[in-house]
Amino acid sequence: MTVTIFLGSLLLAMAIGIPIAYALLICGVALMWHLDLFDAQILAQNVINGADSFPLLAVPFFMLAGEIMNVGGLSKRIVKLALTVVGHVPGGLGYVAIMAAVILAAVSGSAVADAAALASLLLPMMVAAGHNKERSAGLIASAGIIAPVIPPSIGFVIFGVAANVSISKLFLAGIVPGVLLGLSLAVTWWWLVRREDVAPPKRATRAELLLALREAVWALGLPIIILVGLRMGVFTPTEAAVVAAVYSLFVAMVVYRELTLRQLVEIFQTSARTSAVVMFLVAAAMVSAWLITVADLPSAVIGMLEPFMGNQTLLLIAIMVLVMVVGTAMDMTPTILILTPVLMPVVKAAGIDPVYFGVLFIINNAIGLITPPVGTVLNVVAGVGRISMSQVTRGVMPFMVAQFIVMFLLVLFPSIVLVPLRLLGG
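The structure presented is a predicted model; accordingly, all values stated were derived computationally and were not measured.

(A) View of the overall build of the chain. Of regular secondary structure, the chain possesses 21 helices and zero strands. Whereas a compact globule of 426 residues would reach a radius of gyration of roughly 22 Å, the chain reaches 21 Å, a difference of no more than 12%. Expressed along its principal axes, the backbone C-alpha trace of the chain runs to roughly 70 × 45 × 45 Å. Within the chain, the fraction of its 426 residues that count as buried is 52%. The contacts of the chain with a sequence gap of at least 6 include a subset with a gap of at least 24, amounting to 78%. For the chain, the computed accessible surface area is about 17700 Å², with 68% contributed by carbon and sulfur atoms. Across the chain, the 20 positively charged side chains and the 17 negatively charged ones have centroids separated by 15 Å.

Here's what the structure looks like:
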């Protein structure tokens, strides 16, 4: 009965168009009434405590860093470097998008920011070169969702806080899976364009390559600083977010000199609005998370998944399918906040490594960003690239399938995630 009330109130509120944050609060109130625990003071206290978290400070600072990168010229120089390195090979502009997405992912951690930057910079070039617009937009959308997997990742920060799992370990564990997602896109792109008669850009000269590298070296320094700093224990993930924002601001204003004070004010406003949405979602979700614990919903879920509890692989496959279904209708952040407190006790009861599960969970949620009908990143690429949502959806399908294959391979072969993590000292 408790599970029915939890899901029924949440889905009903969403179905009538109530924003997800308020739907989570309504769901919490419904559970409180059912458990005869309703107290407005407890409700308010959980909302405040939900946002009062030091690790969550990483979210607004990583968002700010992503905005500064796009406006301040860092993203543009990373794309230019990728163009000079691989742009000349057949289908080269597609590989440029993938390479640039992987590098950008190691800097911003925001799928929306990366997809917007790639769509504005590369999609017109790919169409002008003769590539199919639907396919090109689909590639850019699927490349953008690598950002939540390769550190620094906003998704890992939110999951780490919700699940009480080390964010630093999640960051280190996401490196190899993120690269594999990029490789899967490269293989799929090669297969799709191998018969296209598209002339690639001419090979860059050594002087042009060195110039592009020199211009991008400041942007490339950021992921190195973050990863080395985290690995050496110089700063926490939250402090790394501040370093990323300050470093991006310094490079954009002092080194590249492409960011004006007026633009900076607009960036602060945009980042503040976006951060407020995410933080309110987190705060509202903490009410439901507390009540999920009080009502002992995880025990009911464990009972439902009892047939799979003896086999970790089957259990993970069942959970991944569940998250895939939810991802078609819900954005990444609310999915993490709603499912994490329900699934983590199940994962721990089955003896599954929480960091390993976190990587799979975030990969699945990231792919959900390009899963119709919601697909936040699909909407971003459609808007920036001036292409219809249906066209982007058709174009993204083969790349989405390739990324799901990578995810299920990681389910079958957990050592791909765990061994590199142990080698890196996680």
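(B) Just the pattern of salt bridges, in detail. This model, assessed by the stated rule, comprises four salt bridges. The salt bridge partner of R77 is E258, with a shortest N-O separation of 2.9 Å. Here R77 is found in helix α5 (residues 74-86), whereas its partner E258 is found in the loop between α13 (237-255) and α14 (261-295), with 181 residues between them in sequence. Since its relative accessible area comes to 14%, R77 is described here as buried.

(C) Summary view of the packing of α5 against helix α6 (residues 92-105). Where α5 contacts α6, the axes come no closer than 8 Å and their chain directions differ by 135 degrees. Taken together, the axes of α5 and α6 lie oblique to each other. Here the hand of the crossing between α5 and α6 comes out right-handed. Contacts from S75, I78, V79, A82, L83, V85 and V86 in α5 reach G92, L93, Y95, V96, M99, A100, I103 and L104 in α6. Looking at side-chain class alone, the contact of α5 with α6 contains 13 nonpolar, two polar and no charged residues.

(D) Highlighting the environment of V417. With respect to the helices, strands and loops of the structure, V417 is situated in helix α21 (residues 415-423). Separated by 370 residues in sequence, V417 and V47 have C-alpha atoms that sit 34 Å apart.

(E) Main features of the packing of helix α9 (residues 154-163) against helix α18 (residues 354-368). Across the interface, α9 lies against α18 with an axial gap of 10 Å and an inter-helix angle of 135 degrees. Between α9 and α18, the crossing angle belongs to the class labelled oblique. Our pair here, α9 against α18, has a crossing hand that is right-handed. For the pair α9 and α18, contact is made by G155, F156 and F159 and by P354, F357, G358, V359, F361 and I362, respectively.

(F) Inspection of the packing of aromatic side chains at higher detail. The tally for this structure, following the rule as stated, stands at eight aromatic pairs. Look at Y22 and F280: their rings are 5.3 Å apart centre to centre, the planes differ by 65 degrees, and that puts the pair in the edge-to-face class. Placement of Y22 in helix α2 (residues 20-34) and of F280 in helix α14 is noted, with a sequence separation of 258 residues between them. Under the relative-accessibility criterion, Y22 is labelled partly exposed at 46%. In this structure F280 comes out as partly exposed when scored by relative accessible area, which is 30%. With a centroid separation of 6.2 Å and an interplanar angle of 55 degrees, the aromatic rings of W218 and F250 are classed as tilted. With a gap of 32 residues between them, W218 in helix α12 (residues 206-231) and F250 in helix α13 connect regions that are remote in the sequence. W218 gets classed as partly exposed once you look at its relative accessible area, which sits at 36%. The exposure class of F250 is partly exposed, given its relative accessible area of 39%. Lying over the aromatic face of Y256, R77 brings its terminal NZ or CZ to 3.8 Å of the ring centre.

(G) Focus on the environment of A65. Take A65: it is sitting in helix α4 (residues 58-72). Classification of A65 by relative accessible area gives buried; the value is 0%. Placed 180 residues apart in sequence, A65 and A245 show a C-alpha to C-alpha distance of 4.3 Å. Excluding residues that lie within four positions of it along the chain, A65 makes contacts with A244, A245 and S248.

(H) Layout of helix α16 (residues 312-327). Across its 16 residues, α16 extends 22 Å between first and last C-alpha, which sits within 8% of the 22 Å expected from 1.5 Å per residue. Regarding α16, the residues found buried are L315, L316, I319, M320, V323 and G327. Taken end-on, α16 shows its buried residues confined to a sector of 130 degrees, consistent with a single buried face. At its buried positions, α16 is contacted by α17 (332-349), α18 and α20 (389-412). For α16, the capping residue at the N-terminal end is N311, with a side-chain oxygen 3.0 Å from the backbone nitrogen of T313.

Rules and cut-offs
- Residues numbered from 1 in each chain as written.
- Predicted model: local features only at pLDDT ≥ 70, side-chain atom pairs only at ≥ 80, totals over all residues.
- Heavy atoms only, no water.
- Helix = DSSP H or I, 4+ residues; strand = E, 2+ residues; numbered from the N terminus.
- Rg over C-alpha atoms; globule rule 2.2 N^0.38 Å.
- Buried < 20%, exposed > 50% of the residue type's maximum accessible area, 1.4 Å probe, protein only.
- Contact = heavy atoms within 4.5 Å.
- Areas by Shrake-Rupley, 256 points an atom, 1.4 Å probe, with all protein chains shown as cover.
- Lys, Arg positive; Asp, Glu negative; His and termini not counted.
- Charge placed at Lys NZ, Arg CZ, Asp CG, Glu CD.
- Salt bridge = Lys/Arg side-chain N within 4 Å of Asp/Glu carboxyl O.
- Axes fitted to C-alpha atoms, helices over the stretch in contact; angles between N-to-C directions.
- Parallel < 35°, antiparallel > 145°, perpendicular 65-115°, else oblique.
- Left-handed = near helix turned anticlockwise from the far one by under 90°.
- Nonpolar A, V, L, I, M, F, W, Y, C, P; charged D, E, K, R; others polar.
- Phe/Tyr/Trp six-rings, centres within 6.5 Å; stacked < 30°, edge-to-face > 60°.
- Lys NZ or Arg CZ within 6 Å of the ring centre and 35° of its normal.
- Expected span 1.5 Å × (residues − 1).
- Arc of directions from axis to C-beta.
- Polar contact = N/O pair within 3.5 Å; in protein donor to acceptor, adjacent residues only side chain to side chain.

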